[in-house]
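Summary of structural features
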Amino acid sequence: MIIVEHITKKFVRNKNKKEKEEFSANNDITFEANDGEIIGILGPNGAGKTTLLRMIAGILEPTHGKISFDGMNYKENEIKIKQNIAYLSGNTKIYDTLSTYELLKMCCDIYGVDKENSKKRINEIAKVLGMEQFLCNKIANLSTGQTQKVNLARCLVHNPKYYILDEATTGLDIISSQIILNFIKEERDKGKTILYSTHYMEEAENICNRVIMINKGKIIKAGTPEEIKKDTDTTNLRDAFFTLVGGVSSYE
Amino acid sequence: MDKVIKLTKIFLKNSFSTMDARMGISTKSKSKIIVYGLLFLYFAGLIIFLGYNLLDGLIAIHQETIFVGMILFMIFGLAIIQTIFSSINILYFTKDSEYLLPLPLKPYQIILARTNVMLIAEYVIIFLIGFIPLVMYGILTGAGIVYYLTMILAVILVPILPVLLISMIVMFIMSFAKLTKNRNRFQLFATLLVLAIIIAISISTSGMKQDLTNEEMAQMVVQANGMIELVKGYVPTVDYLMEALTTNSLFTAIVEVLKTLGITIIGFIVYMLIAQKIYFKGLVGNLFGGGASSSNKEINQKEYRNSKLYKSYVGKEFKNMTRNPVFLMQCLIPAVLIPIVMVVVVYAGLNSDGMGLEQITQMVQQIPINTFFIACIILGVIQFFTMFIYISITAISRDGENAVFMKYIPVSLYKQYMYKIIPNIIMNIVTIIITLGIAKYILNLPVITLIVLFIVATIMGILQSIAMIIVDLKRPKLNWDSEYAVVKQNLNLVFPVLLSMVNIGILVGFVYLLKDINVYIGVGILGTLYMIPTVIINKYIYNRQDKLAEKII
Amino acid sequence: MIQIKNVSKSYVKGKKSVESLNLEIKNGEIFGFLGPNGAGKTTTIRMITGILNIDEGDILIDDKSIKKEPLEAKKNFGFVPDSPDMFLKLKGIEYLMFMADVYDVPQNEREEKIEKLTKKFEIYNQLNNQIQSYSHGMRQKIVICGALLSEPKNWILDEPMTGLDPKSSYDLKEMMREHAKSGKTVFFSTHILEVAEKLCDRVGIINKGKLVFVGTFEEMKQKFKENASLEDLFLEITEK
């Protein structure tokens, strides 16, 4: 279970050439994610989704507030928490001179998975995500879909308990994203805790137990997709999004 | 420790082979190894040659120990310069940072691995300029095994402190200066600083004459000794190691090496303590800090003015180069800087021989200047200067993956090629004008000669510009993620040098064949001759404009 | 109108990336081009836009052949490539003005058009900043603005929705509708089926270099299973 309490993140940015101003990327965000739950994090570009997930993944430190993982927090148990986290963001290639296998092997080393288990684990993941045929290929030569599978795989070698996934399916075709979404659902059913941000409302409606909508750094709505649709008097999440974020109404 | 070694390996593998993998080169790597191998041999040979001459002279007057001090200082200085360039990229601008941060790694492990990468890059160069000369010293002075062991330790230990020091300074700067912009500014500043140092060194050393009498040598030795003594106080490790390398006593050697080791370890501990405090703060601030600044809303009406396409396109090329420090340094600045630097250096060299400018001009004016011979020398010098202008040779590569833009807009490819070489021709003309200006000042050439030379040099410049864009079209480097890949790790850059060498060769041939020809006729012949390939290549580009763009995908 | 006539392309000898492709996108039509990653979508779009040479066949854009009259043909379309990381060192306004110069947009229309387009996409206030300071979504938007500035009759968009938030992708879809309504052509590739279903008059599905289906969404549903979910349909078609 991940508990996020009153998280605020402030940045200083240049207002113009001389003045600086402070702005809150996240403002007093509170929610919890239970075991066996997928929480969708939704919101327009620049709403603060990524900043929030980075704080939960321990990359950024919040200005105020607390984050805890089954009672552990970053101050006391940083390494232990990170041993149990899978954090995936965007879709970029790193270490692309390595082969897929080499990269996964390296991740095993860093997470301290021993030799025998790491081979087993890599093969297991490769099978689940359908990566067998490009395990020996250099990452530089992989397609978008394959790269994203590798990116996901490299966060999985240590069998994490908490998933923090930032736009995991952006730019993927339906087949690749289906494999990834199915995998996430299975992990949920195993009792893992999953945070999932996306632009695709249909996807969120499909897989999320609950969603949190963020706009301008604040939570503007939280609840199950059903609740949100009911409260906003809409038939799908996309329309609910427009109603809540404002701007345009449904074109249907 | 295990994790540190693994991280280091990954970082190294990544930073050294990035380009090859991206281009999918595996078959060509052989030729690459040969090229790098030859370069390595060339530099090693050069260093052995220079080192031997110096050392030989010093041994003759029993002052060979100065050599050791000089080499150690050189290692120290080089480590500083190289770290200025590499640290900011290695520490703050590698793509993998966001991936590393959520891993269960202790901060010190990441810092240590990054530092290792910087050090190892250092050792490659230091092998050349430190290890080889010191071995030479050992051989020429007939040193024993203790010397060699101490020397190896020295080569390993000396670069560590400067790397730590510079990294720490960079970390300090980055921990409060958060904007990504600073990378560009920092690198520009560092480049200018290094250039200034190089100019200063060449000015101060250009006074050295080749054949020194013993007396002069002794005088210089005293000066050098004084310099070393002066600087030594600030760099204790070099001081101790100098002592250790030049002593005859085993005991002293051990004590001095231990002292160095002690200082290095203390420095290392301090570095790790401070780095753990400030490195990640700056890193995170740089990766995610800020966000786009809110901008002023008014758009200047001037912006809406339309212009002719060629102006707009050439303007775009120039903007891309001036706003990109790497391209600015490699494409535009050399056109202005190189002729000036060269002239300053040469002038300083002559000056230190006790000749003032007036005497020089008087002297040259005694020889007949308005001759074909002098004209060819000037053209050759211009050729030499312009080969450092990398605009045309990187015209396509600079656009990176965006180069396909050329192929889907309704503007003919031939026109676009021409727009892309115009900046090269313009910068060539800048170099030509500067060089001719200097030539006019020193040699007082008649204006007509200057005009004729200008025309011919411009024709040669156009030839170079259009020939080089063909090279870039045939072997473009489009998949890069740092501008350095275009201007540094690009074998194409050999071609402008080759062409300039060929041109200089042709000029030499002409001088030899047509020694006494009238300057205007001679230069006229040259100009006409250069028109021919220029027209042919131009025609070639025009006819094959689509075919030439095949590599741009 | 875009006519693709019996087009083939192979990168490696003997292995065709696109094989005998025939397709006609009529005026007033929004056409969605679907297919898994690596099916030949990008290759096809590159051939339409003249980036790649066509091995066999021909492509006409408003009756101008991209092979024989490339410049004329290129004037007839506006293209948005899949990666919006272009001209990062230029300011937004400089980029738009450059595109206006390239496509000969008359002086007196520029200000109005730029204002209208960029205000719609909410990037007007950012035009004085360099494109490299833009977020992914904003870069996508400025590239779209640049392509639409000359009001080309045919829009060719490669994965235009990727990275846009729902509001911006809604705006873009509205613009595509308006454009088609005024009798012009929109051709875009996507892999979001919902977008294709709601937006497109017709879709084409390409897999392994071959066109496996062309028609309306309804036809697609009828041809295959009734009531099957979109994903299943797609999987069924592409896995044949």
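As the structure is a prediction and not an experimental result, all values here were calculated from the model.

To continue, consider the overall build of chain B. Along chain B, the regular secondary structure elements total 22 helices and zero strands. Out of the 553 residues belonging to chain B, those deemed buried represent 32%. Summarising the internal contacts of chain B: among those between residues at least 6 apart in sequence, 88% fall at separations of at least 24.

In this assembly, 17 residues from chain C lie in contact with 22 residues from chain A. Put simply, the parts of the chain that give the side of chain C that touches chain A at least two residues each are α6 (166-181), α7 (193-199) and α9 (230-239) of chain C. Of the residues contributing to the side of chain C that touches chain A, the split by class is six nonpolar, seven polar and four charged.

With that settled, consider the confidence of the model for chain B. Low pLDDT means the predicted coordinates in that region are not meant to be read closely. All names here are of chain B. For chain B, the mean per-residue pLDDT works out to 80, and 80% of the residues sit at or above 70. Mean pLDDT per element in chain B: helix α8 (residues 181-205) is the minimum at 63, and helix α18 (residues 447-474) is the maximum at 93. Within the model, the stretch residues 18-28 combines pLDDT values under 50 with 13 contacts to residues more than four positions away or in other chains. Confidence drops under pLDDT 50 across residues 290-295; counting only partners more than four residues distant or on other chains, this segment forms 18 contacts.

To continue, consider the pairing of strand β3 (residues 30-34) of chain C. Residue and element names in this part refer to chain C. Within β3, five of the five residues are buried, leaving the element largely enclosed by the surrounding structure. Taking every second residue as pointing to the same face, both faces of β3 are buried, with I30, G32 and L34 on one and F31 and F33 on the other. Note: β3 against strand β8 (residues 185-189), four bridges, orientation parallel. Each bridged residue has a counterpart across the sheet, and for F31 the counterpart in β8 is F187. The pairing of β3 with strand β9 (residues 202-207) spans four bridges and is parallel. Bridge pairing in β9 links F33 to G204.

Turning next to the nonpolar core. Among the nonpolar cores identified, the biggest contains 131 residues, and B:A375, B:L379, C:I59, C:L96 and C:F187 are the most heavily contacted of them. For this core, the leading source of residues is α18(B), giving twelve residues. Apart from residues no more than four positions distant in its own chain, C:L96 is found in contact with C:I114, C:C145, C:G146 and C:L149. Within the second largest apolar cluster, 129 residues are counted, among which are A:I110, A:L129, B:M118 and B:A244.

Residues and elements named next belong to chain C. Read across the open sheet, the six strands follow the order β6-β7-β8-β3-β9-β10; overall the sheet is mixed. Where the open sheet ends on each side, the last strands, each with one partner, are β6 (77-80) and β10 (210-215). Adjacent strand axes in the sheet meet at a mean angle of 15°, parallel and antiparallel pairs treated alike. Relative to β8, strand β7 (residues 154-158) is paired through five bridges, and the arrangement is parallel. Across the sheet, L157 pairs through a bridge with F188, a residue of β8.

Once that is clear, we can look at the interface of chain C and chain B. Listed by partner, the interface residues are 31 residues for chain C and 27 residues for chain B. Among the secondary structure elements, those contributing two or more residues to the side of chain C that touches chain B are α2 (70-75), α3 (92-102) and α4 (107-120) of chain C. The element best represented in the side of chain C that touches chain B is α3(C), accounting for seven residues. Residue composition of the side of chain C that touches chain B, grouped by class: 15 nonpolar, nine polar and seven charged.

Spatial ordering of the open sheet is given by β2-β1-β4-β5 (chain C), a layout of four strands whose pairing is antiparallel. Here the strands that pair on one side only, and so sit at the sheet edges, are β2 (15-25) and β5 (64-65) of chain C.

We note that A:H6 has phi near 50°; this positive angle belongs to a residue other than glycine. In this structure, A:H6 sits in strand β1 (residues 2-14). A positive phi angle is found at C:D62, which is not glycine, with a value near 45°. Checked against the element boundaries, C:D62 lands in the loop between β4 (56-61) and β5.

The next point concerns the confidence of the model for chain C. The share of residues in chain C with pLDDT of 70 or more is 93%, and the mean pLDDT across the chain is 85. Interface confidence for the predicted complex, given as ipTM, is 0.85, next to a pTM of 0.68.

We now examine helix α1 (residues 41-48) of chain C. Residue and element names in this part refer to chain C. Counting buried positions over the eight residues of α1 gives seven, a clear majority of the element. For α1, the complete set of buried residues consists of K41, T43, T44, I45, R46, M47 and I48. With its phi angle positive at about 85°, G50 sits one or two positions after the end of α1.

With that settled, consider helix α21 (residues 519-543) of chain B. Relative to the 36 Å expected for 25 residues at 1.5 Å per residue, α21(B) spans 36 Å between its end C-alpha atoms, a close match to the ideal helical length. Turning to α21(B), its buried residues are B:V519, B:G522, B:V523, B:L526, B:Y530 and B:I541.

Tracing the backbone through its elements, the reader meets B:L413 in helix α17 (residues 413-443). Here B:L413 is in contact with B:M406, B:Q545, B:D546 and B:A549, once residues within four sequence places are set aside.

Right, let's get into the pairing of β2(C). All names here are of chain C. Here strand β1 (residues 2-12) pairs with β2 via seven bridges, running antiparallel. The partner of Q3 across the bridge, within β2, is E24. Taking the residues that link successive antiparallel strands as the turn, the β1-β2 hairpin has two residues, and the phi of G14 there is positive, at about 90°.

Bringing the packing of helix α3 (residues 100-111) of chain A against helix α4 (residues 115-129) of chain A into the picture now. Residue and element names in this part refer to chain A. Packing of α3 against α4 brings their axes to within 10 Å, and their N-to-C directions diverge by 130°. Judged on the interaxial angle alone, α4 and α3 are oblique. Considering the relative orientation of α3 and α4, their crossing is right-handed. Residues Y101, L104, K105 and C108 of α3 lie in contact with α4, whose contacting residues are S118, R121 and I122. Residue classes in the contact of α3 with α4 are distributed as four nonpolar, one polar and two charged.

Conventions adopted
- Residues numbered from 1 in each chain as written.
- Chains lettered and ligands numbered in written order.
- Predicted model: local features only at pLDDT ≥ 70, side-chain atom pairs only at ≥ 80, totals over all residues.
- Helix = DSSP H or I, 4+ residues; strand = E, 2+ residues; numbered from the N terminus.
- Buried ≥ 20, exposed ≤ 12 C-beta atoms within 10 Å, placed from the backbone.
- Contact = placed C-beta atoms within 7 Å.
- Nonpolar A, V, L, I, M, F, W, Y, C, P; charged D, E, K, R; others polar.
- pLDDT = per-residue confidence, 0-100.
- Pairing = 2+ DSSP bridges.
- Core = buried A, V, L, I, M, F, W, Y, C linked by C-beta atoms within 7 Å.
- Axes fitted to C-alpha atoms, helices over the stretch in contact; angles between N-to-C directions.
- Expected span 1.5 Å × (residues − 1).
- Parallel < 35°, antiparallel > 145°, perpendicular 65-115°, else oblique.
- Left-handed = near helix turned anticlockwise from the far one by under 90°.

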